[in-house]
Amino acid sequence: MKENLTLQFLYPDYEIPSDYKSEIAKTFHADIVSSTSEDLVLREIADVVVFDSFAGLNFFPFNKEQTYVFRSTVKDFLDSHRMLYPILPLINRANIVFTDLLSITKEDELDYAKVLEALNYKIADEYKSGHGIQINLLTDRMLLDGMNNCNAGDETIALCPDGKFYVCPAFYADKEIAFPIGNSMDGLDIKNPQLYKISHAPICRICDAYQCRRCIWLNKKATLEINTPSHEQCVISHIERNASRKLLALIREIGQFLPEKEIPEISYLDPFDKIQDNQ
Ligand code: SF4
């Protein structure tokens, strides 16, 4: 609280004891809970509900107050994206997060562009009926005027069950590259904190895929550098950026929408290729 941080609690699937709950309730915070949580009351009032699959969506009591996160493999999203269509009128915000981005193939990239284009029509239908839904992959870039990334290690940190701080929960969970950045007794100890800032990410700072997660864990995993992105992350984010450009045009067919907004046409999917071409 002294650092003016907002607390986000990630709950386990089982119900936690009520004295934990009353302690948590004393602090301004956000609740993040799994869609399969046994704590049905918490699941109903949580700020964010996380799904690990697209199965069983028809039975979930969606509402427009909560944000929904769908964790999925790229392949599962390509196969199951239609399961999202019926819930679009029921929600205001969904974030789709890929769990295996580094294994994406050339064929997946082509399919991803097609799937986003199909989803564009469904989202445009919502806008036509006056429902300004947000789906991170497609509407974020359309609404943003500058980089809006995860910013773990700079704007957010995770306090994990071992009492230590990590850049984010992924760094705690991935024992191969896990490294703590302090602990709850001694405080934060972040080496080279500037490297977590966009100003010290030489490729990302000249990029305009503003909606990109710019996942620090993925950077570390793929390139061993926290401020150097993987080819896969860049390509996926640029496919989304280009699909947002098309969505903007689709919504404008119905009337005036974000009149000042321009998403320029570009010919590359990885900014690294552009840098090499310029050299
Ligand atoms: S698309 Fe690539 S260069 Fe652009 S912000 Fe994302 S990770 Fe960085």
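Residues numbered from 1 in each chain as written. Predicted model: local features only at pLDDT ≥ 70, side-chain atom pairs only at ≥ 80, totals over all residues. Heavy atoms only, no water.

J.: Hey, could you run me through the overall build of the protein chain in this one?
T.: What the protein chain contains, in helices and strands, is 9 helices and 10 strands. At 20 Å, the protein chain has a C-alpha radius of gyration in line with the 19 Å of a compact globule built from 279 residues. Reported as C-alpha extents along the three principal axes, the dimensions of the protein chain are approximately 55 × 50 × 35 Å. Residues counted as buried form 43% of the 279 residues belonging to the protein chain. Across the protein chain, contacts joining residues at least 24 apart in sequence account for 55% of those joining residues at least 6 apart. Roughly 15,500 Å² of accessible area belongs to the protein chain as shown, and the carbon and sulfur atoms make up 53% of that amount. The distance from the centre of the 29 positive side-chain charges to the centre of the 42 negative ones in the protein chain is 3 Å. (Helix = DSSP H or I, 4+ residues; strand = E, 2+ residues; numbered from the N terminus. Rg over C-alpha atoms; globule rule 2.2 N^0.38 Å. Buried < 20%, exposed > 50% of the residue type's maximum accessible area, 1.4 Å probe, protein only. Contact = heavy atoms within 4.5 Å. Areas by Shrake-Rupley, 256 points an atom, 1.4 Å probe, with all protein chains shown as cover. Lys, Arg positive; Asp, Glu negative; His and termini not counted. Charge placed at Lys NZ, Arg CZ, Asp CG, Glu CD.)

J.: Before we go on, may I ask you to explain the layout of surface pockets in this structure?
T.: One way to see where empty space is left: roll a probe the size of a water molecule over the atoms. In this structure, the second largest pocket encloses a volume near 190 Å³. For the second largest pocket, the full set of lining residues is E3, L5, G153, D154, E155, T156, I157, L188, I190, P193 and K197. In terms of residue class, the lining of the second largest pocket is built from 5 nonpolar, 2 polar and 4 charged. (1 Å grid on protein atoms, 1.4 Å probe; cavity = no way out; pocket = protein on both sides within 12 Å on 5 of 7 lines; lining within 4 Å. Points joined across faces, edges and corners; volume = space filled by probe spheres on them. Nonpolar A, V, L, I, M, F, W, Y, C, P; charged D, E, K, R; others polar.)

J.: How should I be thinking about the packing of helix 4 (residues 106–128) against helix 8 (residues 231–252) in this particular structure?
T.: Two packed helices can be described by the angle between their axes and the distance between those axes. Contact geometry for helix 4 and helix 8: axes closest at 9 Å, N-to-C directions at 30°. Accordingly, the angle class assigned to the pair helix 4 and helix 8 is roughly parallel. Between helix 4 and helix 8 lies a crossing of right-handed hand. Note on element contacts: helix 8 touches helix 4 through H231, V235, I236, I239, E240, A243, K246, L247, L250 and I251, opposite K106, E109, Y112, A113, L116, E117, N120, Y121, I123, A124 and Y127. (Axes fitted to C-alpha atoms, helices over the stretch in contact; angles between N-to-C directions. Parallel < 35°, antiparallel > 145°, perpendicular 65-115°, else oblique. Left-handed = near helix turned anticlockwise from the far one by under 90°.)

J.: Looking at this model, I keep getting lost on the site of the ligand. Mind explaining?
T.: By nearness alone, every residue bordering the ligand is listed as M147, I203, C204, C207, C212, P229, Q233, C234, S237, H238 and P271. If you map the ligand onto the pockets, it falls in the largest cavity. The biggest single contributor to the shell around the ligand is helix 8, with 4 residues. Grouping the constituent residues of the shell around the ligand by class yields 8 nonpolar, 3 polar and no charged. (Near = heavy atom within 4 Å. Sits in = over half its atoms within 2 Å of the grid points.)

J.: Whenever I open this one, helix 7 (residues 216–223) confuses me. Can you help?
T.: Because the α-helix completes a turn every 3.6 residues, residues three or four places apart line up on one side. Inspection of helix 7 places I216, L218 and N219 among the buried residues, and these make up the whole buried set. Around the axis of helix 7, the buried residues are gathered within 160° of arc, so they sit on the same side. Taken together, the buried residues of helix 7 touch helix 6 (169–173) and helix 8. (Arc of directions from axis to C-beta.)

J.: Would you mind going over the packing of helix 4 against helix 5 (residues 136–143) with me for this structure?
T.: The geometry of helix 4 relative to helix 5 is characterised by a closest axis approach of 10 Å and an angle of 70° between their N-to-C directions. Between helix 4 and helix 5, the crossing angle belongs to the class labelled roughly perpendicular. For the pair helix 4 and helix 5, the contacting residues are Y112, L116, L119, N120, I123 and Y127 in the first and L137, L138, T139 and M142 in the second. Here the contact of helix 4 with helix 5 is built from residues that sort into 8 nonpolar, 2 polar and no charged.

J.: Can you walk me through the sheet that holds strand 5 (residues 93–98) in this structure?
T.: Backbone hydrogen bonds are what pair the strands of a sheet, in a parallel or an antiparallel way. With respect to topology, 6 strands assemble into an open sheet ordered 1-2-3-4-5-6, the strand pairing being parallel. Of all the strands in the sheet, just strand 1 (7–10) and strand 6 (134–135) have a single pairing partner and so form its edges. In the sheet, strand 3 (residues 48–51) pairs with strand 4 (residues 67–72) via 4 bridges, with the strands oriented parallel. Following the sheet pairing, V50 is matched in strand 4 by V69. (Pairing = 2+ DSSP bridges.)

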